[in-house]
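# Breakdown of the fold
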Amino acid sequence: MTTARFTGRTALATGAGSGIGRAVALAFAAEGANLVVAGRRQEPLDETVTLIEAAGGKALAVTADVSRAADAQALVAAAVDHFGSLDVAVNNAGVFRGGAPLADLSEEDWHTQLDTNVTGVFLALRAEIRQMRTQPAGGAIVNIASVFGVHARHPGAAAYAASKAAVSVLTRGAALDHIRDGVRINAVSPGAVDTSMSLGPGETEADRTQRMREAVPLGRVSATEEVAAAVLHLASDAAASTVGTDLVVDSGATA
Ligand SMILES: NC(=O)c1ccc[n+]([C@@H]2O[C@H](COP(=O)([O-])OP(=O)(O)OC[C@H]3O[C@@H](n4cnc5c(N)ncnc54)[C@H](OP(=O)(O)O)[C@@H]3O)[C@@H](O)[C@H]2O)c1
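What counts and what doesn't
- Residues numbered from 1 in each chain as written.
- Predicted model: local features only at pLDDT ≥ 70, side-chain atom pairs only at ≥ 80, totals over all residues.
- Heavy atoms only, no water.
- Phe/Tyr/Trp six-rings, centres within 6.5 Å; stacked < 30°, edge-to-face > 60°.
- Helix = DSSP H or I, 4+ residues; strand = E, 2+ residues; numbered from the N terminus.
- Buried < 20%, exposed > 50% of the residue type's maximum accessible area, 1.4 Å probe, protein only.
- Near = heavy atom within 4 Å.
- Polar contact = N/O pair within 3.5 Å; in protein donor to acceptor, adjacent residues only side chain to side chain.
- Areas by Shrake-Rupley, 256 points an atom, 1.4 Å probe, with all protein chains shown as cover.
- Pairing = 2+ DSSP bridges.
- Right-handed = clockwise from strand over helix to strand, strands pointing away.

### Section: the packing of aromatic side chains
- Applying the stated rule across the entire model yields 4 aromatic pairs.
- Ring geometry for F6 and F28: centres 4.8 Å apart, planes at 75°, overall edge-to-face. Residue F6 is located in the segment before strand 1 (10-14), and its partner F28 is located in helix 1 (residues 19-30); the two are separated by 22 residues in the primary sequence. For the pair formed by F6 and F28, the shared burial category is buried.
- With centroids separated by 6.2 Å and ring planes inclined at 70°, the aromatic side chains of F96 and F148 adopt a geometry described as edge-to-face.

Written out as structure tokens, the structure reads:
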């Protein structure tokens, strides 16, 4: 029997119309949470809501661009208006514009990655913490970083790596600032995960399966559900004394 660790709690996930974010949303819903799912496009969010409702859960889709402060604030307000509190937040929305060596990176690709991956996490965190610290039960936040940040080397990804290193470090700083406010903040750093983001240019899923057999000790990518499992642990009461950590889920790539 599955234990329901989040019954009656409100959980928010950004980037929840696809990939890791959707898996995180479904996993929280399966353990009793009411979900607020966010992203820029309505349609994929509606699909996530449909999946949650079909499994007997409750979810609200809110379109938001996390790189805009007003959207981040409105997202948190929608969660509180609809479900009464914000107990858990997962800042997962992110973009990867990899491939080019740094000298050939466009300013647009630099700004897109930094705006979404760093400023977006800052703005979401700030809005979430401002709400959670007013609540008697506080809250728990998990940011999605990446092994490409502080843990691993990967050519052709300098800007993305810089943005994800910032997420790991921002997580630790925010955690120290707000643990005494009852807001517990951690990060998960995935390695290659089974989403389109981990496909190389022109690579098929079969190509990636072949590449990963050699590339990582476990011999395969992580499933989105495996990343979600790490997120749920960090957000759960069992992790009450885990503060400011950055949990690597990478099939042993950086072991
Ligand atoms: N897949 C991997 O191998 C891997 C490895 C390490 C880390 N990660 C990280 O894991 C997270 C999820 O990635 P994924 O693999 O699941 O990729 P994905 O399927 O592309 O998911 C990214 C999500 O973020 C949303 N998003 C992008 N920009 C946004 C913005 N400005 N505001 C709101 N939402 C935005 C996208 O939806 P919209 O386009 O509708 O906004 C999309 O649903 C990312 O932070 C990524 O960097 C992934």
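### Things to note about the site of the ligand
- Taken together, 27 residues form the shell around the ligand, and within it R40, R41, N92, Y160 and T195 come nearest.
- Note that an oxygen atom of the ligand is positioned 2.7 Å from one of the side-chain N or O atoms of R41.
- A distance of 3.4 Å separates an oxygen atom of the ligand from a polar backbone atom of G191.
- Against a free-state accessible area of 880 Å², the protein chains account for coverage of 92% of the ligand.
- Secondary-structure elements contributing two or more residues to the shell around the ligand are helix 1 and helix 5 (158-178).

### A few points about the pairing of strand 2 (residues 34-39)
- When you tally the buried positions in strand 2, you get 6 out of 6 residues, the bulk of the element.
- The two faces of strand 2 match: N34, V36 and A38 on one face and L35, V37 and G39 on the other face are all buried.
- In this structure, strand 1 lies alongside strand 2, joined through 5 bridges in parallel fashion. Looking across to strand 2, one finds that A13 is bridged to V37.
- Following the chain from strand 1 across helix 1 to the adjacent parallel strand 2, one finds a crossover that is right-handed.
- Sheet topology note: the strand 2/strand 3 (residues 59-63) ladder contains 5 bridges and is parallel. The partner of L35 across the bridge, within strand 3, is A59.
- Read from strand 2 through helix 2 (residues 42-54) to strand 3, the crossover connection turns out right-handed.

Fair warning: the whole summary comes from geometry, so function is off the table for now.
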